[in-house]
Amino acid sequence: MRTSPPAGSRLPDAITDPVTGRKISLLDWKAANLRSSWLLGLLMVVLLGGLGWLIGYAFDPGLATIVLVIAVVVGVGQTLAAYFASDSMVLNVAGARPANEKEHRYLVNVSEAVAIGAGVPAPRVYVIDNPAPNAFATGRDPQHGTIAVTTGLLQLLDRQELEGVVAHEMAHIRNYDIRFMSMLAATVGAIVLLRDVAMRAMYYGGMGRRRSGGGGGRGQIVVIILLLVLLILAPILALALRMAVSRRREYLADATGAYITRNPEGLARALEKLRDYKGAPMKVSDGVAHMFFTNPNVRLNAVGLFATHPPLQDRISRLRRM
Amino acid sequence: MTTIIVLVILGALVLFAINVYNRIITLENRYQNAWSQIDVQLKRRADLVPNLVETVKGYAAHEKEVFDNVGKARAAMAGAKNIDESAEAANMMSAALGRLFAISEAYPELKANENFRVLQEELSSIENKIAYARQFYNDAVLQFNTTITTVPGTFFAGPMGKTKHVYLEVPEADKEVPAVSFGTASA
């Protein structure tokens, strides 16, 4: 009748970071995420301000301060919007509906059980009508935790496997991954937006306009070159960074999920079933793809710099070695 | 000058002591809260049991021993005065319900009963939640025990009157249930 393994069995509550190879405690990870979120916010203000200033200066040194202010206000606004509204937005984009107490009793029960094991409030549960098996979590803190799973996932997995997937998602919630990742996504988004605005402006209006007094000149040309290099490199670097962070978080959530359920095998089997799934992929907007349990847009596992998730086979063998 | 240095060191020591004190209290609260999580599930289970017993009696009234065991477990739960007694009664109830569900395998009409199916899913998921809650409780106790037996917590535990807390045992019933050979009984 019980589906979780005996409570006596223990997994380490510290796991090896797949990137640095260091041991990190699961508690430290949460603290690190909260800290990084603040640092990221600060970094974003500096970066946007700097880029804004450079863009303004390149057009007309007199405009530099104004463009700086506009860039910071827009960027911060976008991030705040993401912070407060990203959960309802992503649920809408994915076509999720609240789980029915009766119809999805089983899913609600599994989520409540795993939440107890993770020591977080029971999450709100949503269902997505889609035959492709997948799931995601959202919510800026455990009090706003939300988990959505597809009907395909419910059909494909048994209880232990479902517990594994739910525990993986619960790990994202418990460790404040979602807050950190949506802040990061907003930062990257703001940088890309800034690049697009600057590129368009360069195309239509001339840069390096001299002011009536004849200032600017040489300094302005240096700024323009610096700006061009930054505008091309910054979005690429930001995106690569974001995806690297996203992949690392998937490994950590797998490890935490295994720790919460004390059952790495359940999660490993779930991943195997998803790997062997031959039906049509789920297809969601690229903007929310990183939030899912496995990348919903590809059938083969994308590997490399811009993949949002690590290869499934790698995730499975890491779980099997625990 | 020396007075200032002494004051700064004293201040730092006081802050440190407050920190350790708070940590011990926080961890103690955590495992006590963890127990209330288990308690909630036990109460929910107790509420569902009479309904289940009635439903099963409709199909398998002669399985008296099973109903007696459930009744005894209920009485033990109602009479429990502390965590240890509650935990013991809860384990009795898990074992009794495990047997009840095992014999129900032999009654196809019972298994087809909608009410029974709903109750079975509810009760087995409560069982599952109890298992998770017990795991979380034991994790919390482990953290508490580690803190009050290692430096610096161990210097505070004595004066604060804190001693190591006991873990909840994994009930024998959990190991027993899958082994019950009702498969042959129904054959």
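Note on numbering: residues in each chain are counted from 1, in written sequence order. For naming, the first written chain is A and the first written ligand is 1, with later ones following in the order written. Predicted model: local features are reported for residues with pLDDT of at least 70 only, side-chain atom pairs are reported and counted for 80 or more only, and whole-chain, interface and lining totals are derived from all residues. Think of the side-chain values as coming from all heavy atoms in the structure, minus any hydrogens and water.

## A short note on helix 2 (residues 64–79) of chain B
Residue and element names in this part refer to chain B. A run of DSSP states H or I qualifies as a helix once it reaches four residues; a run of E qualifies as a strand once it reaches two. Both are numbered from the N-terminal end. A helix's residues, less one, multiplied by 1.5 Å, set its expected span. Taking 1.5 Å per residue as the helical rise, helix 2 with its 16 residues ought to reach 22 Å, and the 23 Å between its terminal C-alpha atoms agrees with that figure. When a residue's accessible area, from a 1.4 Å probe over protein chains only, is under 20% of the maximum for its type it is buried; when over 50% it is exposed; and in between it is partly exposed. Along helix 2, the residues classified as buried are Val66, Phe67, Asn69, Val70, Ala73 and Met77. Looking straight down helix 2, one finds that the buried residues subtend no more than 160 degrees of arc, so they occupy a single side. Turned more than 90 degrees away from the buried face of helix 2 sit Lys64, Glu65, Lys72, Ala75 and Ala78, all of them exposed. Every residue pair with non-hydrogen atoms within 4.5 Å of one another is taken to be in contact. For helix 2, the elements touching its buried residues are helix 1 (2–60) and helix 3 (83–104). The directions from the helix axis to the C-beta atoms form the arc being described.

## A look at the nonpolar core
As used in this record, nonpolar core signifies buried Ala, Val, Leu, Ile, Met, Phe, Trp, Tyr and Cys residues forming a set joined through side-chain atoms within 4.5 Å. Counting 61 residues, the largest nonpolar core has A:Val114, A:Leu153, A:Met170, B:Ile38 and B:Tyr137 as its most contacted members. Residues within four places of A:Leu153 in sequence aside, it is in contact with A:Pro133, A:Asn134, A:Ala135, A:Leu162, A:Val165 and A:Leu274. In terms of nonpolar packing, the next biggest core, distinct from the first, is built from 20 residues, B:Ala60, B:Phe67, B:Phe101 and B:Leu119 among them.

## Re a nonpolar patch on the surface
Residues and elements named next belong to chain A. On the surface, Met199, Ile221, Ile225, Leu228, Val229, Ile232, Leu233, Ile236 and Leu237 cluster together into a nonpolar patch covering about 800 Å² of accessible area. Ranked by residues supplied to the nonpolar patch, first place goes to helix 7 (residues 218–261) with 8 residues. Tracing the chain through its elements places Leu237 in helix 7. For patch detection, residues must exceed 30% relative accessible area and be free of salt bridges, and they are connected within 9 Å for like charges or within 5 Å for nonpolar side chains (Val, Leu, Ile, Met, Phe, Trp, Tyr). For the area figures, the Shrake-Rupley method with a 1.4 Å probe applies, and any residue is considered shielded solely by the protein chains shown. Criterion for a salt bridge: a side-chain nitrogen of Lys or Arg within 4 Å of a carboxyl oxygen of Asp or Glu.

## Section: the pattern of salt bridges
In this structure the tally under the stated criterion is 23 salt bridges over all chains. Its salt-bridge partner being B:Glu122, residue B:Arg44 comes within 3.0 Å of it at the nearest N-O pair. With B:Arg44 in helix 1 and B:Glu122 in helix 5 (residues 114–149), this pair connects stretches of sequence that are 78 residues apart. For B:Arg44, a relative accessible area of 28% translates into the label partly exposed. Look at B:Glu122 and you get buried, because its relative accessible area is 10%. Each of the salt bridges in this network shares a partner with another, and the network as a whole consists of A:Glu101, A:Arg105, B:Arg44 and B:Glu122.

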